[in-house]
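A closer look at the structure
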Amino acid sequence: MKILNFRSAILSLMASLFPLLSHAEGIVVSFNDEDGVYRLGDKVVAYVVADQDMELTCELMEYGTVSISKEKISLRKGRKTILYSARHKAPCHYMFKLSYEGLEKPELAGFIVSPESYRAGYDCPEDIRNFWDDQMSRMRMVKMETSLARIEDFHSETLECKDLTVNMHEGRPVRGYLCMPKDARPQSLPIVIYAHSAGVNKVFNYATTQRAADLAEKGGGCIVLDINAHGMENGQPQEYYDSLNSGELRGYQNRRITGHEDYYFRLMFLRLVRALDYLTTLPQWDGRRILIYGESQGGAQAMALAGIDERVGACVAIVPAMNDLGAFKVGRPASWPNVRESVINDGNVEVVDKVLPYYDAALLSTMSKADYWIEIGLADTTCPAPAIWSACNAIKGDVSISAHPFRTHYVPKQPYYDQWKAICHTGRYEWMNDYLK
């Protein structure tokens, strides 16, 4: 397991701190050790510099949910002030919730100690492999039928893009945009599947030809499927997605569970396998390289496919959801979609606890043969760092971890954005290109 080194980026950030403050209009926080990741016994020191004299309210929160302390700190313009200093003898994950007069929304920064110690709350079912093998076998009993439709408004001198549909044995079909270089030689291209974040009717929830085309140019060129998580139709008017969001797909992530057959994510994960069954029939596939890539819910799908389907060789998961769904059993907050904690399953927890382990990305990852690139936000309360790390610690293959102390579930804003982009964003594509070239 590799934790990517932030030291040079942080030193660069601190060296340019005062120019940043000239337009930051607020505060800049930094840590004494790289990316906010510490070993047991290390001294954790957080600093803050303000662009003006101010009173800063700092609330220390365990896992970002339980308040430990709250105090006011007087800051002098341009002076580096210690925000926090301590050594920890046990694994922990803390966040600072920072606020001051004139700030609309509190800022968050986080650190973690001994992340290699975290394990999933649920035990891994002994029959998890047999369960998913059976699910795939049942799906494959239905003959695959596909259609590829021309996209009238897609124009490229180097790429071809089609609207793909693949039937399923139940539920909505596989739908997405299939894109690859024109006139690619047989057995010359790797496969990339892009999976989408949670939701229905926003642009990051459904496939686009632009995203498919961008990914098709990675490495030396790729076969790319930008797949819709819900089997939605491609390229429809906004009203179509809005109607699904308020109707059929409303609250899909948290519905009452009576068993595996009605758990929504079963078919979402199986669509990925069905898609891969089709993609591996294409003559342009090199017969070897397969990469799955996604963020949040898309990261959960990526980790699920990498575990369920042994053909996957590389997995890129950005602040992935659905890890450590049983975190409540060890006193930690679980990752989205927080099914066990939802009131919709009150009185139904015995069934839920039997079903969820089969869909927990941290447990599915134990079956994987892939290498992983995983981004973790140390200020993320939607997909908490310990939940994701519990998966990292169970993966058998090579794992590259990019943790960032100022990333919430969304990318950090300035003055931290440039640092995040240089390390996390650029590092991600360097890792992908190295696999795909």
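Rules behind the numbers
- Residues numbered from 1 in each chain as written.
- Predicted model: local features only at pLDDT ≥ 70, side-chain atom pairs only at ≥ 80, totals over all residues.
- Heavy atoms only, no water.
- Buried < 20%, exposed > 50% of the residue type's maximum accessible area, 1.4 Å probe, protein only.
- Helix = DSSP H or I, 4+ residues; strand = E, 2+ residues; numbered from the N terminus.
- Pairing = 2+ DSSP bridges.
- Polar contact = N/O pair within 3.5 Å; in protein donor to acceptor, adjacent residues only side chain to side chain.
- Contact = heavy atoms within 4.5 Å.
- Expected span 1.5 Å × (residues − 1).
- Arc of directions from axis to C-beta.

Another aspect to go through is the pairing of strand β13 (residues 189-195). Consecutive residues of a regular strand have side chains that alternate between opposite faces of the sheet. Counting buried positions along β13 gives seven out of seven residues, so the element sits mostly inside the fold. Relative to strand β15 (residues 285-295), β13 is paired through six bridges, and the arrangement is parallel. Counted as the bridge partner of Ile193 is Ile292 from β15. One ladder, built from four bridges, connects β13 with strand β14 (residues 223-227); its direction is parallel. Bridging across to β14, Ile193 finds its partner in Leu225.

With that settled, the discussion passes to unusual backbone geometry. Backbone torsion omega between Trp336 and Pro337 reads 15°, so that peptide bond is classified as cis. Of note, Pro337 is situated in the loop between β16 (314-318) and α8 (349-355). With an omega of 15°, the peptide bond running from Gln414 to Pro415 counts as cis. Phi is positive for Tyr63, which is not a glycine, with a value near 60°. By secondary structure assignment, the location of Tyr63 is in the loop between β5 (54-62) and β6 (66-75). Despite not being glycine, Asp324 has its phi angle at roughly 55°, a positive value.

Here the focus is the side chain of Arg172. Relative to the elements of secondary structure, Arg172 occurs in the loop between β11 (159-166) and β12 (174-181). One polar contact links Arg172 to Glu248, side chain to side chain, over a distance of 2.8 Å. Ignoring anything within four residues of it in the chain, the contact list for Arg172 reads His230, Gly231, Met232, Tyr240, Leu244, Glu248 and Arg271.

We now examine helix α3 (residues 128-140). Over its 13 residues, α3 extends 19 Å from the first C-alpha to the last, a length consistent with the 18 Å expected when each residue adds 1.5 Å. Along α3, the residues classified as buried are Ile128, Arg129, Phe131, Trp132, Gln135, Met136 and Met139. The buried residues of α3 all sit within an arc of 165° when viewed along its axis, so they share a single face. On the buried face of α3, the contacting elements are α6 (265-279), α7 (297-308) and α9 (361-364).

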